[in-house]
Amino acid sequence: MRIDSKTTVVGVIGYPVAHSLSPQMHNAAIQSLGINWCYLPFQVAPEDLAKAIQGMRGLGIRGLNVTVPHKQAVVRLLDWVSPEASAVRAVNTISNEGGRLEGYNTDVEGILAALRLGVGLEKLPEKVVVLGAGGAARGIVYALTTVTDVRNIVILNRTVQKAERLAAEMENMAKGKTRIKGRKLETETARVELREAGLLINATPVGMYPNVNCSPIEVSSVFHPRLTLVDTIYNPKETKLMRLARSQGAKCFNGLDMLVYQGAKSLEIWTQRRAPVKVMKEAVMELAPQPSALGQF
Ligand code: ATR
């Protein structure tokens, strides 16, 4: 990679950010595109977020990915927010268009790409269970209600009020097309709700490295062979949740495709060029060789 006085800077802000695979993924893509760009990690504590965004303006940083815990807080600091990001109330991509900061949510594209590749959008079941009611879950429920024909979504969350609030808000947006219910995340509720469900999506960070011995659902008997599990976690390659579900014959995917496709979409917003998805996928596979919906190229 050549860095000179004309290099365009993009990057990622998060707290922590050291675990992020985005720098390797994007720099591989940048190299493949042959452009004079550089993608850097910036660790930004929550109390420094506004200063970081001001810094982006001041330094003319071309684009930033935004990761945990800033996706929701960053929205009010931008000049314009896309309809998707506005509905999800979370931004994971900022594009600096000549000083005007635009916010996008490419996580929505990421989950749709993962479902397209892993299951097929036309083959999605009538009923889907989503674990979690935070930023990631919001994007997933939004994607399911606006783009797919899923009819019935159940959101299970540790804090039941958050699940109920998200369910009511998204059901309202779906205008009667999708039934959405919020319930408390506990084994017996999961058992009842999963019985008729064909797809389970984990949108909690439970089980993510280093807490690899944790799982949002701790018993395997709630899973069945008609179930597909998409875990948004990609480190470790197989979460405890995936292991439990797989032991009962469920088909499992990790969050690698989501990571790659949200990143690809971000890069396309910034560069206006087609992202080299294959190169990006290979770059993250090299760091964390994992089975995913895409399989091997
Ligand atoms: P993200 O943007 O990654 O979704 P978030 O907005 O902080 O992050 O949301 C995290 C989600 O994971 C929430 O639904 C959270 O549950 P609460 O609403 O009860 O906080 C869920 N979560 C986090 N840690 C959890 C744990 N140990 N057990 C169960 N759920 C957990």
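Use the structure listed above.
Everything quoted here is computed from the prediction, not taken from an experiment.

Engineer: What am I meant to see in the site of the ligand here?
Structural biologist: Taken together, 14 residues are adjacent to the ligand, and Ala133, Ala136, Asn157, Thr159 and Lys162 come closest. With respect to the ligand, the backbone of Ala133 contributes an N or O atom lying 2.8 Å from an oxygen atom. A distance of 2.7 Å separates an oxygen atom of the ligand from a polar atom in the side chain of Asn157. When the free accessible area of the ligand is taken as 640 Å², the share hidden by the protein chains comes to 71%.

Engineer: For this particular structure, what's the right way to read the sheet that holds strand 6 (residues 100-104)?
Structural biologist: Consider a sheet: its strands pair through backbone hydrogen bonds, and that pairing is either parallel or antiparallel. Strands sit in the order 2-1-3-5-6-4 across an open sheet of six strands; the sheet is mixed. Of all strands in the sheet, those bounded by a partner on one side alone are strand 2 (37-43) and strand 4 (80-81). Where strand 3 (residues 63-66) lies against strand 5 (residues 93-97), three bridges are found, and the strand directions are antiparallel. Directly across from Gly63, in strand 5, lies its bridge partner Ser95. This element, helix 1 (residues 22-33), spans strand 1 (8-14), strand 2 and strand 3 of the sheet and lies at about 170° to strand 2.

Reading the values: rules and limits
- Residues numbered from 1 in each chain as written.
- Predicted model: local features only at pLDDT ≥ 70, side-chain atom pairs only at ≥ 80, totals over all residues.
- Heavy atoms only, no water.
- Near = heavy atom within 4 Å.
- Polar contact = N/O pair within 3.5 Å; in protein donor to acceptor, adjacent residues only side chain to side chain.
- Areas by Shrake-Rupley, 256 points an atom, 1.4 Å probe, with all protein chains shown as cover.
- Pairing = 2+ DSSP bridges.
- Helix = DSSP H or I, 4+ residues; strand = E, 2+ residues; numbered from the N terminus.
- Contact = heavy atoms within 4.5 Å.
- Axes fitted to C-alpha atoms, helices over the stretch in contact; angles between N-to-C directions.

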